[in-house]
Amino acid sequence: MNSNTSTLASADADRISPADIQAGHTAYELDRKHVFHSWSAQEQLQPMNVIDAEGSWIWDGEGRRLLDFTSQLIFTNAGHKHPKIIEAIKQQAEKLCTVAPQHVNDARSEAARLITELLPEDINHVFFTNGGADANEHAVRMARLHTGRRKVLSAYRSYHGGTHLAVNLTGDPRRVPNDDDAGVVRFLPPFTYRSHFRPDSAAQWTPEQETERALAHLRDTLVLEGPSQVAALILEAIPGTAGIYLPPAGYMEGARALCDEFGVVMILDEVMAGFGRSGKWFAHEHFAIEPDIVTFAKGVNSGYVPMGGVAMDDAIYASFAQRMYPGGLTYSGHPLAMAAAVAAINAMRDEAMVENAARLGAEVIGPRLEDMKNNHPAVGDVRGTGAFWAIELVRDKATREPLAPYGQTPAVMADLVAACKAKGVVPFINMNRIHICPPLNTADDDVRFGLDVIDEVLALADEVI
Ligand code: PLP
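Residues numbered from 1 in each chain as written. Predicted model: local features only at pLDDT ≥ 70, side-chain atom pairs only at ≥ 80, totals over all residues.

A. Spotlight on the overall build of the protein. A tally of helices and strands in the protein yields 13 helices and 16 strands. Here the C-alpha atoms of the protein give a radius of gyration of 22 Å, agreeing with the 23 Å that 2.2 N^0.38 yields for 465 residues. Expressed along its principal axes, the backbone C-alpha trace of the protein runs to roughly 65 × 65 × 40 Å. Burial statistics for the protein: of 465 residues in total, 48% are counted as buried. Long-range contacts, defined as pairs at least 24 residues apart, comprise 74% of the intrachain contacts of the protein with a sequence gap of at least 6. (Helix = DSSP H or I, 4+ residues; strand = E, 2+ residues; numbered from the N terminus. Rg over C-alpha atoms; globule rule 2.2 N^0.38 Å. Buried ≥ 20, exposed ≤ 12 C-beta atoms within 10 Å, placed from the backbone. Contact = placed C-beta atoms within 7 Å.)

This is the structure in structure tokens:
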């Protein structure tokens, strides 16, 4: 029997010993006693125990092997235990494990060179951070100081991080319980499937119409806020957490033109969509635009060591050439993270992982999701690119009524997750959506296996509508 089609009744005894499982149980108990988790009601949580991982596979606390369709939190773009990244971290740890940010370090210099080489010609400098949220915080600070303006425009249905400003830049329900930052102004982004612009009377609604109306709304927002007060527009190049919905043709170009017209800095958040996830090195390459600032994290080094960054163009850089930039981080450009990034980028290039993600999306994932949409009454929309896809579940395909109101997770999602795991796949769930985000180098057969499982368990959603 093909091991891919087996269910997960028992532990993978060839790899995981009873002692490993016992150690996993101890870790789980200690976690529940002492670890405080992100975005959770602590005592309602039943976190998954991960005791081993390799490539696109992980082993749970009972020693069972599961396909990781989440790339963890969409960051193991090169998969787990990539030998070249591990070797680079080991060598760096032995050579120079840490260094203060004010000093020069060869791993940091090389990481900055490699990253700027992948970005538009005008982007030549990088400020390194510890992750994505602080990258966005610094990007906004730079834009504010550069322009001398305060307001920042950010989209509803977005996610930019969990720290104070970043969560306020976020346009999803998680910002609501957090304190409001006075300078953030939210606007409606284009989203053809769930358009906020489509009049009830419109029998049809095209992506061109969505682009036109969304750009008119963005212009109105800018004008009404007073363009001379708006420092920056921040957009995810392809919004991820909020539903992997690609901007319709022409929107990003129109947004760029508005930024140019009003002297607003365009910050593109590539934390999730960058480093190959969308089938291009950066998601903004899907559009004919050049951002002023790009923020990144996650896939830059597959999350092997925490890291993010702000890559800025020459004009932003020039603002701080002769005056101090009032910001910094103890671990900015930490050598272990930098060595991991250099190795990850080189491995992604040498092993053509970005090209593989594009091919997987076009030939394996996309067509199969289209079939699921045709075959399952509960599948309202499927969309994505590269190794970055969403399945949106609805009560009614015609009205597009979601399986639960916006901001809520339908009860059936817990059953879907359990069924997927029982069949050997870990899915990523957000509200009424299943996100499909395997590592970029996942083997075709493994991707097909994961899709077979998703296809099978979608029957549970069909039953509840
Ligand atoms: N921006 C985007 C688009 C993200 O998807 C995320 C995390 O998912 C962040 C920022 C925040 O990154 P971090 O959690 O590393 O702070």
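B. How the structure looks around the nonpolar core. Ranked by internal contacts, the top residues of the largest apolar core, which has 127 residues, are Ala232, Leu233, Ile267, Ile293, Ala311, Ala340 and Ala341. Ranked by residues supplied to this core, first place goes to helix H10 (residues 335-350) with 11 residues. If we skip the residues at most four places from it in the chain, Ala340 touches Ile85, Ala88, Ile89, Asn301, Tyr304 and Val305. (Core = buried A, V, L, I, M, F, W, Y, C linked by C-beta atoms within 7 Å.)

C. Structural view of the sheet that holds strand S14 (residues 425-426). With respect to topology, four strands assemble into an open sheet ordered S1-S2-S3-S14, the strand pairing being mixed. Each of the sheet's edge strands pairs with one partner strand only, and the pair in question is strand S1 (50-54) and S14. Of the strand pairs in this sheet, strand S2 (residues 57-60) and strand S3 (residues 65-68) are connected by three bridges, and their pairing is antiparallel. By the bridge assignment for S3, Trp59 is matched with Arg65. (Pairing = 2+ DSSP bridges.)

D. Expanded view of the site of the ligand. Surrounding the ligand, one finds 15 residues, the nearest of these being Gly131, Gly132, Ala133, Val271 and Met272. Top element by residues in the shell around the ligand is helix H5 (residues 132-147). It accounts for three residues. (Near = placed C-beta within 6 Å.)

E. Up close: helix H8 (residues 251-262). Spanning 12 residues, H8 covers 17 Å between terminal C-alpha atoms, matching the ideal 16 Å at 1.5 Å per step. Within the span of H8, buried status applies to Tyr251, Met252, Ala255, Arg256, Leu258 and Cys259. Looking straight down H8, one finds that the buried residues subtend no more than 160 degrees of arc, so they occupy a single side. Pointing more than 90 degrees away from the buried face of H8 are the exposed residues Asp260 and Glu261. Against helix H7 (207-225), strand S7 (230-236) and strand S8 (265-269) lie the buried residues of H8. Two residues or fewer after H8 comes Gly263, characterised by a positive phi angle close to 65 degrees. (Expected span 1.5 Å × (residues − 1). Arc of directions from axis to C-beta.)

F. Region of the structure containing the packing of H7 against H8. Packing of H7 against H8 brings their axes to within 10 Å, and their N-to-C directions diverge by 20 degrees. Considering their axes alone, H7 and H8 lie roughly parallel with respect to each other. Considering the relative orientation of H7 and H8, their crossing is right-handed. Here Thr211, Ala214, Leu215, Leu218, Arg219 and Leu222 of H7 lie close against H8, whose contacting residues are Tyr251, Gly254, Ala255, Leu258 and Phe262. Here the residues of the contact of H7 with H8 are counted per class, giving eight nonpolar, two polar and one charged. (Axes fitted to C-alpha atoms, helices over the stretch in contact; angles between N-to-C directions. Parallel < 35°, antiparallel > 145°, perpendicular 65-115°, else oblique. Left-handed = near helix turned anticlockwise from the far one by under 90°. Nonpolar A, V, L, I, M, F, W, Y, C, P; charged D, E, K, R; others polar.)

G. View of the pairing of S2. Alternating positions in S2 separate into two faces, Trp57 and Trp59 on one and Ile58 and Asp60 on the other, with burial throughout. When S1 meets S2, the two strands line up antiparallel, connected through four bridges. Along S2, the bridge assignment pairs Asp52 with Trp59. Connecting the antiparallel pair S2 and S3 is a turn made up of four residues, with Gly63 showing a positive phi of about 80 degrees.

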